[in-house]
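Here's the letter readout for the chains.
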Amino acid sequence: MFTFTVIFVLIFVLAASSTALQLDSRRTALSKVIGAVPAVTKVPSVALADSVTPTTSVALNSGSRFPLASFGLQVYDDSTVDVGRPRSGLAGNQKGFAKAVKDSGVPREQLYICGTVLSNRVSGEDAAYKKTKQGCLENMDAMSVGAIDHLDMIMLDYPGPNDDSVRGQWRAFEEMKLMDKTVDDLAVSNFSAQQLDAILSNEKSIRPTVNQLPFSVAYHPGGTRLIDYNTERNILVQSWSPLSRVLRSDFSDLLEAIGKRYNKSPAQVGLRWIVQSGASFCTQSRSRTHFAEDLNVFDFALTETEMDAISKLA
Ligand SMILES: NC(=O)c1ccc[n+]([C@@H]2O[C@H](COP(=O)([O-])OP(=O)(O)OC[C@H]3O[C@@H](n4cnc5c(N)ncnc54)[C@H](OP(=O)(O)O)[C@@H]3O)[C@@H](O)[C@H]2O)c1
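What counts, and where the lines are drawn
Residues numbered from 1 in each chain as written. Predicted model: local features only at pLDDT ≥ 70, side-chain atom pairs only at ≥ 80, totals over all residues. Helix = DSSP H or I, 4+ residues; strand = E, 2+ residues; numbered from the N terminus. Buried ≥ 20, exposed ≤ 12 C-beta atoms within 10 Å, placed from the backbone. Contact = placed C-beta atoms within 7 Å. Near = placed C-beta within 6 Å. Nonpolar A, V, L, I, M, F, W, Y, C, P; charged D, E, K, R; others polar. Axes fitted to C-alpha atoms, helices over the stretch in contact; angles between N-to-C directions. Left-handed = near helix turned anticlockwise from the far one by under 90°. pLDDT = per-residue confidence, 0-100.

**Considerations on the overall build of the chain**
Each helix and strand counted, the chain has ten helices and ten strands in total. A buried classification covers 52% of the 314 residues belonging to the chain. When contacts within the chain are restricted to residue pairs at least 6 apart in sequence, those whose partners lie at least 24 apart make up 78%.

Right, dumping it as structure tokens:
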């Protein structure tokens, strides 16, 4: 049964105040991690966590800093490095990722690692709790391959089918943080306002820090509605699929024209639009050039007129 879908790499790099040398060395460090993971399916995410500044990271409701730019590793696979149990029940490549981190020599404290748990296909408080708990333990088991014994964040991939199930999922997450002490921050994905309130209705619950949602130039129904219901609850949106469909000509022609003013690519303008809309993003890439581009969106700002014009594209 597959329990994690993604673990993504969150990157705390590209501080506006950083020197070019610092940027280069951090990119190189991350490339060592990424480069060490052979390509294919689903996985985790890591990030270089030093040099946190307001331009590249934001404070979560927990007080932790969170990178605005991060990378999912679904495009990589660990079949060649998971020698002992190739193709275990875990989704794809967490172990390969963890091993690659270890082999890279990048210090753990320079990485921001978020695991995910897929436990939405069971119903009822107890069943959802057990399934989620299992997922939490499986995350840590996979990470132990790379001697990683602590996650910066754990994310529920999808809400359970009803409020009781959501509360069971969340109980397991709270245990991971408070009892097991193997994770700092708790996050959700694809949660509606009502599903968030299934957690928040208990005043003693730990508040989700991040809600990962589809949000992009090509998909923002109701303008900032997706951002607004999260902001009202002091929860940060992280966009998944931030570039999906965005690079088609019906969107990218305008992004390209605007990008020329700043010497930025259409993808960079699309990602910048997300950040200025009030969200963070999680993209992925097999290309080192694109990878570097996607991090390099913190040294320019779109005008209000440009933001409005882009918003009107969808
Ligand atoms: N929670 C959920 O339900 C959920 C669902 C889907 C995805 N996700 C998360 O979101 C992450 C990203 O998903 P996604 O693949 O749909 O993301 P995406 O960012 O919308 O699309 C990635 C694609 O954009 C291309 N790309 C990236 N940077 C580029 C650049 N600078 N210029 C041109 N093309 C660029 C990549 O191609 P190249 O390889 O050629 O660069 C890749 O094909 C996943 O890894 C996962 O962690 C979460």
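**Side note on the site of the ligand**
Taken together, 25 residues form the shell around the ligand, and within it Gly-72, Ser-241, Ala-267, Thr-283 and Ser-285 come nearest. Broken down by secondary-structure element, the contributors of at least two residues to the shell around the ligand are strand 10 (280–283) and helix 9 (288–295). Top contributing element to the shell around the ligand by residue count: helix 9, with three residues. The residue makeup of the shell around the ligand, split by class, is eight nonpolar, 13 polar and four charged.

**Brief notes about the packing of helix 8 (residues 266–277) against helix 9**
Two elements in contact, helix 8 and helix 9, have axes whose closest approach is 9 Å; the angle formed by their N-to-C orientations is 35°. By crossing handedness, the relation of helix 8 to helix 9 is classed as right-handed. The segment helix 8 lies against helix 9, with Ala-267, Gln-268 and Leu-271 engaging His-290, Glu-293 and Asp-294. Residue composition of the contact of helix 8 with helix 9, grouped by class: two nonpolar, two polar and two charged.

**Considerations on unusual backbone geometry**
Phi at Ala-147 takes a positive value of approximately 60°, unusual for a residue other than glycine. Within the secondary structure, Ala-147 is located in the loop between helix 3 (125–144) and strand 6 (151–156). Owing to 11 C-beta atoms within 10 Å, Ala-147 belongs among the exposed residues under this scheme.

**A few points about the confidence of the model for the chain**
Across the chain, the average pLDDT comes to 81, with 77% of residues at 70 or higher. Predicted confidence is poor over residues 1–54, with pLDDT under 50, and the contacts of this stretch with residues over four places away or in other chains come to 185 contacts. A low-confidence stretch, residues 80–91 stays under pLDDT 50, and its non-local contacts, those more than four residues away or across chains, total 21 contacts.

**Section: the environment of Asn-263**
Checked against the element boundaries, Asn-263 lands in the loop between helix 7 (249–262) and helix 8. It is 9.6 Å that separates the C-alpha atoms of Asn-263 and Phe-300, two residues lying 37 residues apart in sequence.

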